[in-house]
Amino acid sequence: MPQLGLLHGRAWASLLGKLLRPPGAVCIGAVHSHSQVAEAVLVSQLKPHQEKSNFIIKTPKGTRDLTPQQMVVREKILDLVVSCFKRHGAKGLDTPAFELKEVLTEKYGEDSGLIYDLQDQGGELLSLRYDLTYPSSLTSLCEVPFARYLAMNKVKKMKRYHVGKVWRRESPTVVQGRYREFCQCDFDIAGQFDPMIPDAECLKIMCEILSGLQLGDFLIKVNDRRILDGMFAVCGVPESKFHTICSSIDKLGKMSWKDVRHEMVAKKGLAPEVADRIGDYVQCHGGVSLVEQMFQDPRLSQNKQALEGLGDLKLLFEYVTLFGIAEKISFDLSLARGLDYYTGVVYEAVLLPTPAQAEEEPLNVGSVAAGGRYDGLVGMFDPKGHKVPCVGLSIGVERIFSIVEQKMKTFGEKIRTTETQVFVASPQKNFLQERLKLIAELWDAGIKAELLYKNNPKLLTQLHYCENMGIPLVVIVGEQELKEGVIKLRSVASREEVAIKRENLVAEIQKRLSES
């Protein structure tokens, strides 16, 4: 009995202590899971009794909300891109927004530090989908998740597209269309095929999309990682430094050769004379004639890897000529594409400044599309190391969106934020039921229609709404129309009205919409 009395007393003391504890206090000892601890700490940090005068409502750094006007522009861009992918026979695919951390970090080389890691969830270390970005380079959002998908499902051939968001952990440059959270569109061809045919189709797709978007003149730079590695070898770069020197060369779109040379020599320990030999090559660019010239180069022609790459590039130029896009392609020895997993041809599309832009300060958005061949990536995920050759491209939607936005601001273009085709109106009171029946009839016929959410709106208010929203047609129902069994159909632009029999209204609207 004494023991029971003691326990009873302790229980009461514990309960009393909890009742008297200040509201903001947290007892971690009473929490039995990691999630509860995290929640308890968060609650204690919020300090509910503290004034919120210093709290600023904003989006996280490197992210943004998209207004209805911006969404209209973005959807048009995405529709054009996806329709091109489908025209070339691609299937849609989606993968999780996060992957196992080891899947991502082991495949992105020295840039893996830009990956967003997530807290331990259920015993798995996870990371958000990643994109390698520095200003003049794009990387596909899903090449690694796609390779993981192929290996996991033992898929040997696939042509797919993927549209989704990715995340990067670096300082954003909003002016250049670079964010921490952004959307990209990928197209990839997986499978064993004859050389350069899929690669040439990827270049053709890039040309079709960039031409369709009407962004201005553009150029697609191409190179081959085998040519780069061969160049490094004949210039005297130690094999252990190939990847890190490649990463430096990849910065030539952003930095001058002098600065890149300094980085390679002072920061990466490359011999000055080796850097100078590299400089002789990376400042070369041209068409198929440059490929022929490199075949005759006394140093490069002695390297087997480089010769293989040059052979494929010569074939690539033959195919892009047949596709009618050779004038848009430039062999550029400075194009490096820094990711470790590229194995063959690499390419990157850049916009060319107009003469007017050349005199002013053009918007520097870097590349707007890029990609390459990655034949060994799938084998990294396959337990038996079976390889599935892949080649693909990525469209830089955010960068393209920044250019389109700037153009629209310059020309003051107005954007419709809805696709409403018909507005249902009434000039008199107590006609809500008739308006509801009429709009239901239009919706059921597949016509995009709206009405005001008021019982008795003024006709002038309804017509002003149509003009402000760009709605082309108005149907008007009132006492006179009900008596005569007709509906007035009004053109908002011309303000002309005609009476249409109720049973013929849908057909007449559909006819007008098809003609507009």
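As annotated in an unreviewed UniProt entry, the protein carries the name histidine--tRNA ligase and comes from Equus caballus. The heading Sequence similarities (unreviewed entry) in the UniProt record of the protein holds the text "Belongs to the class-II aminoacyl-tRNA synthetase family."

Visitor: Outline the UniProt feature "binding site: L-histidine" (unreviewed entry) in the protein, supporting the account with residue identities and numerical values.
Guide: The sites that carry the UniProt feature "binding site: L-histidine" (unreviewed entry) are, in the present numbering, Asp 131, Leu 132, Thr 133, Arg 168, Gln 184, Asp 188, Arg 337, Tyr 341 and Tyr 342. Summarising the element assignment, Arg 168 is placed in the loop between strand 4 (158–167) and strand 5 (181–190). For Arg 168, a relative accessible area of 2% translates into the label buried.

Visitor: Describe helix 16 (residues 432–444), naming the residues involved and giving the relevant values.
Guide: Under the 1.5 Å per step criterion, the end-to-end length of helix 16 is 18 Å for 13 residues, consistent within 8% with the ideal 18 Å. If you check which residues of helix 16 are buried, you get Glu 434, Arg 435, Leu 438, Ile 439 and Leu 442. Buried residues in helix 16, looked at end-on, bunch into an arc of 125 degrees, giving them a common side. Along helix 16, the residues that are exposed and aim more than 90 degrees away from the buried face are Gln 433 and Asp 444. Gly 446 sits one or two positions beyond helix 16 and adopts a positive phi of about 85 degrees.

Visitor: Account for the environment of Gln 428, with residues named and values stated.
Guide: By the secondary structure assignment, Gln 428 is in the loop between strand 12 (422–425) and helix 16. Residue Gln 428 is classed as partly exposed on the basis of its relative accessible area, which comes to 32%. In sequence terms Gln 428 and Glu 479 are 51 residues apart; their C-alpha atoms lie 7.8 Å from each other. With residues near it in sequence (within four places) discarded, Gln 428 still touches Gly 478 and Glu 479. At a separation of 2.8 Å, a polar atom in the side chain of Gln 428 contacts the main-chain amide nitrogen of Glu 479.

Basis of the calculations
Residues numbered from 1 in each chain as written. Predicted model: local features only at pLDDT ≥ 70, side-chain atom pairs only at ≥ 80, totals over all residues. Heavy atoms only, no water. UniProt positions renumbered as here; feature names shortened; annotations may be inferred. Helix = DSSP H or I, 4+ residues; strand = E, 2+ residues; numbered from the N terminus. Buried < 20%, exposed > 50% of the residue type's maximum accessible area, 1.4 Å probe, protein only. Expected span 1.5 Å × (residues − 1). Arc of directions from axis to C-beta. Contact = heavy atoms within 4.5 Å. Polar contact = N/O pair within 3.5 Å; in protein donor to acceptor, adjacent residues only side chain to side chain.

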